[in-house]
Amino acid sequence: MNSIADVWKNVLDRLRSQLSETTINTWFDEVEVVTMEDSAFVLHCSNSFKKSTIEARFMSHIKAALKDIFSSDLEVKILDDQQLSAYHGVAPDRPGSLLESDAFTFGTYVVGPQNKMAYAAARAVAEKPAEHYNPLFIYGDSGLGKTHLLYAIAHQVRQRQPEARIVYIKGDDFTNELIASIREGKNAEFREKYRQSTLLLVDDIQFIAGKKQTQEEFFHTFNTLYESGRQIVLTSDRPPREMTQLEDRLQTRFEWGLMVDVAPPDFETRLAIIKNKAALLGVQLPDDISSFIAENLTANVRQIEGALNKLLAYRDLLGNQVDGEAVSRAVKDMLKKYNEFVPSPSLIIEYICRYYDVDEEQVRGQGRKRDLMEARQTAMYLIRRMTNLSLNDIGKEFGDRDHTTVLHSLDQVEKKMRSDPAYAEKVKEITTNINNKK
Ligand SMILES: Nc1ncnc2c1ncn2[C@@H]1O[C@H](COP(=O)(O)OP(=O)(O)OP(=O)(O)O)[C@@H](O)[C@H]1O
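Residues numbered from 1 in each chain as written. Predicted model: local features only at pLDDT ≥ 70, side-chain atom pairs only at ≥ 80, totals over all residues. Heavy atoms only, no water.

1. With respect to the sheet that holds strand β3 (residues 75–79)
As summarised here, the arrangement of the three strands in space is β1-β2-β3, forming an open sheet in which the pairing is mixed. Here the strands that pair on one side only, and so sit at the sheet edges, are β1 (31–36) and β3. Strand-to-strand twist across the sheet, computed as the mean angle between neighbouring axes with direction ignored, equals 25 degrees. Taken together, the five bridges between strand β2 (residues 40–45) and β3 define a ladder with parallel strand orientation. (Pairing = 2+ DSSP bridges. Helix = DSSP H or I, 4+ residues; strand = E, 2+ residues; numbered from the N terminus. Axes fitted to C-alpha atoms, helices over the stretch in contact; angles between N-to-C directions.)

2. Structural notes on unusual backbone geometry
Omega for the peptide link from Asn134 to Pro135 comes to -5 degrees, which places this bond in the cis form. Inspection of the secondary structure assignment puts Pro135 in the loop between α6 (116–127) and β4 (136–139). Residue Asp400 is not a glycine yet carries a positive backbone phi of 60 degrees. Its place among the elements puts Asp400 in the loop between α19 (391–397) and α20 (403–419). Since its relative accessible area comes to 59%, Asp400 is described here as exposed. (Buried < 20%, exposed > 50% of the residue type's maximum accessible area, 1.4 Å probe, protein only.)

3. With respect to the packing of helix α9 (residues 187–195) against helix α10 (residues 212–227)
Put simply, α9 and α10 touch, their axes get as near as 9 Å, and they point 45 degrees apart. Judged on the interaxial angle alone, α10 and α9 are oblique. Of the two elements, α9 crosses α10, and the hand of that crossing is right-handed. Packed against α9, whose contacting residues are Phe190, Arg191, Tyr194 and Arg195, the element α10 presents Glu217, His220, Thr221, Thr224 and Leu225 at the interface. (Parallel < 35°, antiparallel > 145°, perpendicular 65-115°, else oblique. Left-handed = near helix turned anticlockwise from the far one by under 90°. Contact = heavy atoms within 4.5 Å.)

4. Things to note about the site of the ligand
Close to the ligand lie 19 residues; Ser142, Gly143, Thr147, His148 and Glu305 are nearest. Within the side chain of Ser142, a nitrogen or oxygen atom sits 2.6 Å from an oxygen atom of the ligand. Put simply, the parts of the chain that give the shell around the ligand at least two residues each are α7 (146–160), α12 (267–281) and α14 (301–318). Two domains share the shell around the ligand, each providing at least three of its residues, namely domain 2 (99–261) and domain 3 (267–338). (Near = heavy atom within 4 Å. Polar contact = N/O pair within 3.5 Å; in protein donor to acceptor, adjacent residues only side chain to side chain. Domains from an automatic or database assignment.)

5. Remarks on the sheet that holds β4
Taken in spatial order, the five strands of this open sheet run β5-β6-β7-β4-β8, and their pairing is parallel. Two strands bound the open sheet, and with one partner strand each, they are β5 (166–170) and β8 (258–261). The mean angle between the axes of side-by-side strands here comes to 15 degrees, regardless of whether they run parallel or antiparallel. By the bridge criterion, four bridges tie β4 to strand β7 (residues 231–236) in an arrangement that is parallel. The residue of β7 that forms the bridge with Ile138 is Thr235. In the packing of α7 onto the sheet, contacts are made with β4, β5, β6 (199–203) and β7, and the angle to β6 comes to roughly 165 degrees.

So this is what it looks like as structure tokens:
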């Protein structure tokens, strides 16, 4: 095999012995290989539905094929568009290099009224781990810089104590690693990795809530580290009390130290972030364009970064022809995309009911008449495509069905759309009607 593309081709050939050609064509046609790192194979897929299906259903097949080829275990990552541009842009994607990267330090973090407590606490922890705030619990919405602060802490601790055992993990990866370690009989190694760390950084800890075995393992990890004076920093999208599925004993422990929140930045902070990021990307932005972005992209910093990356691509594409007017047109296009209308599940169900002439209760219920089942499956499909709801949350909309049932429905709709053009047209029409509701 000469190239990474050959490796991927070889993986697909191996999948063909277990999966049908149709399955492979359906789910893998938009997947491309990005790179192979020391311990991870990195793919890209723009289609978020296909990406999540592959992650849910075919990850083990891919990993097994890679193991056959390389005789060692490789992680598999599938990047979406945003992650891909971050990968090629300022953000390195390898946890090892991220922790050492200069992109996510205290120096590159812009401080404003909405994050200054979190920033000060993170600095205090990085300067004197386990002395003041243990654990440090940082919470807030997505894209507001929580992960950035974790990396900044790691970066500073690493500079002062190169020998420190710093472990960074995402909450859901902690679960995945735990399961894999049990399956492979490597539980002792798993425990050692976490319980011997001098600094444990867990990003998005909310994902362990509701998972019994993970919570049990994390409880013991927490106690071991805490009792031996090692620093723990956790981030989450909400405070511990709002994690309804989190065990009480963890909830109280998470509140032992300091809890700080990060909120969306105000205009001045957004402007400073834009200028900083533009400088990092080597882009010269006229003041009116910076203000234009800061006025319009208000929800989170990830949006702002996405906008800057697009501007960069736009400039690369058009070179010198990019004048102020062209740039502001591009920014407006991006804003339109960011402000895209996201319908609620109830609205989608309302449209489905109208189209199929059935009641909402029937669609959400258990009836198995053919038309009703088609209406229900189509509703699930559209909710998945048009909103950010997870399979589990979609299941909840339909009488607490579990995620495998939802996945099966999505499969059915996809199949039917391919085999029945009239049905595909119907789905398109309902989608247009919902979008026109705006
Ligand atoms: N105050 C800030 N100054 C500079 N960059 C920031 C700031 N806040 C966020 N960013 C940047 O925005 C991007 C998203 O931030 P980050 O990944 O840290 O968010 P998060 O809160 O961890 O989101 P999630 O909960 O989705 O993981 C990163 O590239 C980060 O560097």
